[in-house]
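# Structure assessment
Each chain, written out:
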Amino acid sequence: MTILIKNANEVITLKSNAQGPRTKEQMQEIAVIENGSVLIEEERIVAVGAYEQLKADFPEIIKKAETIDATGKIVMPGLVDCHTHLVHGGTREHEFNMRLNGSTYMEIMNAGGGIHATTKRTRETSFDELYEKTMQHLDVFLKHGITTVEAKSGYGLDWETEKKQLEVAKELQAAHHIDVISTFMGAHAVPHDYKGREDEFVDVVVQEMLPKVAELELAEFNDVFCEKGVFTPEQSRRILEAGKALGLTPKIHADEIEPYQGAELAAEVGAISAEHLLVASDEGIRKMAEAGTIAVLLPGTAFFLRAPYARGRLMIDEGVPVAISTDFNPGSSPTMSLPFIMNLACMHMGMTLEEVLTATTINAAYALNRGEQVGSLEAHKKADVLILDVENYKQLQYFYGMNHTHTVIKNGQVVVQNGILLKDQ
Ligand SMILES: N=CN[C@@H](CCC(=O)O)C(=O)O
Ligand SMILES: [Zn+2]
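Residues numbered from 1 in each chain as written. Chains lettered and ligands numbered in written order. Predicted model: local features only at pLDDT ≥ 70, side-chain atom pairs only at ≥ 80, totals over all residues. Heavy atoms only, no water.

Heads up, the condition is: UniProt positions are given in the numbering used here, feature names are shortened, and annotations may be inferred rather than shown by experiment.
You'll find the protein chain entered in an unreviewed UniProt entry as Imidazolonepropionase, with Lysinibacillus boronitolerans JCM 21713 = 10a = NBRC 103108 given as the organism. Reading the Function (unreviewed entry) entry of the UniProt record for the protein chain gives the comment "Catalyzes the hydrolytic cleavage of the carbon-nitrogen bond in imidazolone-5-propanoate to yield N-formimidoyl-L-glutamate. It is the third step in the universal histidine degradation pathway." What UniProt records for the protein chain under Pathway (unreviewed entry) is the sentence "Amino-acid degradation; L-histidine degradation into L-glutamate; N-formimidoyl-L-glutamate from L-histidine: step 3/3."

Written out as structure tokens, the structure is:
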């Protein structure tokens, strides 16, 4: 398919001469073209710029293009949601109600709820049911303008279920328009039968699960919940180093509930990203900036757990590349609305309108090692493009809590039109 998007009030390209994830003032530079056009052929972007220029440069391609008139709207890259627990059984609204009545997240988890409750449900749910449920979630993501999503395992805590989660994600990567990128997170919690024998469970993850994940090519990344009462920094280091030796890139859930040297560890093991960081130390932030570790911030979790927000402003000022994501999961952040999460980042983490756009496109793409393929509108990149029904990018956060997605083009194909998923029609 050849598509020409024309007359957009603004095309937010995120194009830059910077290499790698954007830091400091680079996060502010979203490279807006007023009255811009985007030319797409097959699954790639051919060019972005003024219509007259594109017409002069690519007359033959323009001749055969189907035109989409974006008058009164804006155009930007598809959103990248770089931290989700996509594949899981069941829901936990009763725990939400318990928290509203005074229980804490960790109390519920230590009493057998939380991650353990979802683990039980995920073990009980068949492959086909999980596949169908996740397919529906992906449809909702797509309608919110998300074209790439990460999927962590970690609700199995045994090989059979971890494998089932990763295989569901792999099959959906092939079956759904959205790109689904898998992370193995066998060390998401210590299963009940290993209580008091935590190191033995780490042995199982390191010696049994990780080699099979690598052999079957079920994931690109390896994550661990480094948190007091879950996995210690030493155990986390062991898990991440073992994954690295097998070719899995480290990620880490760090400093979410209590400061635990997680940010420092991320920098030391060369993790691509450290995620959460609500209570990361000054030293940890400094080390991440030095190492170039991407901070994946998840303000929806702070919102939903009524916890302090990560210090996004400080991290950016210190030179840490920042990405933001939904953390979609059934316990601490059951939302698929990345646009709402962007609003929280502006309102509660001191991030600017421009920084949240960078954090959910190009920087999020780099957090998934996809910064060269998606995350900005540039020639030769994948044609993952959104048309949003607002007059300018500032309105995206001003009209908050709404879904402004009008059209989604994924891999050069229109998949959402007028806010409606085409396969639903
Ligand atoms: N903190 C650890 N894991 C998830 C929550 C998982 C759950 O509560 O089911 C998170 O990233 O917030
Ligand atoms: Zn998470």
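### Some thoughts on the packing of aromatic side chains
Short version of the rule: Pairing of aromatic side chains requires ring centres within 6.5 Å, counting the rings of Phe and Tyr and the six-membered ring of Trp. Pairs whose planes differ by under 30 degrees are stacked, by over 60 edge-to-face, and all others tilted. A helix here means a DSSP run of H or I that spans at least four residues, while a strand means a run of E at least two residues long, and both kinds are numbered starting from the N terminus. Burial classification: accessible surface area is computed with a 1.4 Å probe over protein chains only, and a residue below 20% of its type maximum counts as buried, one above 50% as exposed, and the rest as partly exposed. Any Lys NZ or Arg CZ found within 6 Å of a ring centre and within 35 degrees of that ring's normal is scored as a charge over the ring.
Per the stated rule, a full pass over the model turns up seven aromatic pairs. Considering the side-chain rings of Phe96 and Phe304, the 4.8 Å spacing of their centres and the 15° angle between planes classify their relative orientation as stacked. In this pair, Phe96 sits in helix 3 (residues 93-100) while Phe304 sits in helix 12 (residues 299-305), placing the two residues 208 residues apart along the sequence. When the centroid spacing of 5.4 Å and the interplanar angle of 75° are considered together, the rings of Phe303 and Phe340 count as edge-to-face. Of this pair, Phe303 sits in helix 12 while Phe340 sits in helix 14 (residues 338-348), placing them 37 residues apart in sequence. By relative accessible area, Phe303 is classed as partly exposed at 41%. Owing to a relative accessible area of 24%, Phe340 belongs among the partly exposed residues under this scheme. Over the ring of Tyr51 we find Lys6; its NZ or CZ atom is 4.1 Å from the centre of that ring. Sitting over the face of the ring of Tyr194, Arg197 holds its NZ or CZ atom 4.6 Å from the ring centroid.

### Things to note about the UniProt feature "domain: Amidohydrolase-related" (unreviewed entry) in the protein chain
When the UniProt feature table is mapped onto this chain numbering, "domain: Amidohydrolase-related" (unreviewed entry) sits at residues 74-415. With 44% helix and 17% strand, residues 74-415 has its two end C-alpha atoms placed 17 Å apart.

### Observations regarding the coordination of the zinc ion (ligand 2)
The criterion, for reference: Sites may look incomplete because water is not among the atoms; the donors themselves are N, O and S atoms within 2.8 Å of the metal, or within 3.2 Å for Na, K and Ca.
Looking at the metal site, the zinc ion (ligand 2) is ligated by His83 (NE2), His85 (NE2), His253 (NE2) and Asp327 (OD), spaced 2.0 to 2.7 Å from it. We note that the donor set of the zinc ion (ligand 2) lies within a single chain, spaced as H-x1-H-x167-H-x73-D. With His85 in the loop between strand 6 (79-81) and helix 3 and His253 in strand 10 (residues 249-254), the pair connects residues that are 168 residues apart, well separated along the chain. His253 matches His85 in its accessibility class, with the two residues each being buried.

### What about a nonpolar patch on the surface?
Rule in force here: Within the patch definition used here, like charges are joined within 9 Å and nonpolar side chains (Val, Leu, Ile, Met, Phe, Trp, Tyr) within 5 Å, considering only residues with over 30% relative accessible area and no salt bridge. Where accessible areas are quoted, they stem from the Shrake-Rupley method and a 1.4 Å probe; at the residue level, only the protein chains shown are allowed to cover. By definition here, a salt bridge exists when the distance from a side-chain nitrogen of Lys or Arg to a carboxyl oxygen of Asp or Glu is within 4 Å.
A cluster of nonpolar side chains, namely Tyr398, Phe399 and Met402, defines an oily patch on the protein surface of about 340 Å² accessible area. Looking at the element boundaries, Tyr398 is found in helix 17 (residues 394-398).

### Let's talk about the pairing of strand 15 (residues 405-410)
Selection rule: Paired strands, in this sense, are two strands between which DSSP finds at least two bridges.
Counted residue by residue, strand 15 has six buried out of six residues, so it is predominantly covered. Bridge analysis of strand 14 (residues 385-388) against strand 15 gives four bridges, and the strand direction is antiparallel. Looking at the pairing, Val385 lines up with Ile409 of strand 15. When strand 15 meets strand 16 (residues 413-417), the two strands line up antiparallel, connected through three bridges. Looking across to strand 16, one finds that Ile409 is bridged to Val414.

### Digging into the site of ligand 1
What counts, and what does not: Any residue with at least one heavy atom within 4 Å of a molecule or strand is counted as near it. Polar contact is the term for a pair of N or O atoms within 3.5 Å; when the atoms are in protein, one must be able to donate a hydrogen and the other to accept it, and sequence-neighboring residues count only if both atoms are side-chain atoms. Each residue gets one label: Ala, Val, Leu, Ile, Met, Phe, Trp, Tyr, Cys and Pro are nonpolar, Asp, Glu, Lys and Arg are charged, and the others, such as Gly, are polar.
Taken together, 15 residues are adjacent to ligand 1, and Tyr105, Tyr155, Glu256, His276 and Ser332 come closest. Between ligand 1 and His253 there is a distance of 3.1 Å, counted from an oxygen atom to a side-chain nitrogen or oxygen. Within the side chain of Glu256, an N or O atom sits 2.6 Å from a nitrogen atom of ligand 1. Surface burial for ligand 1 is 100%, taken as the share of its 340 Å² of free accessible area covered by protein chains. When the residues that make up the shell around ligand 1 are grouped by side-chain class, the tally is four nonpolar, eight polar and three charged.

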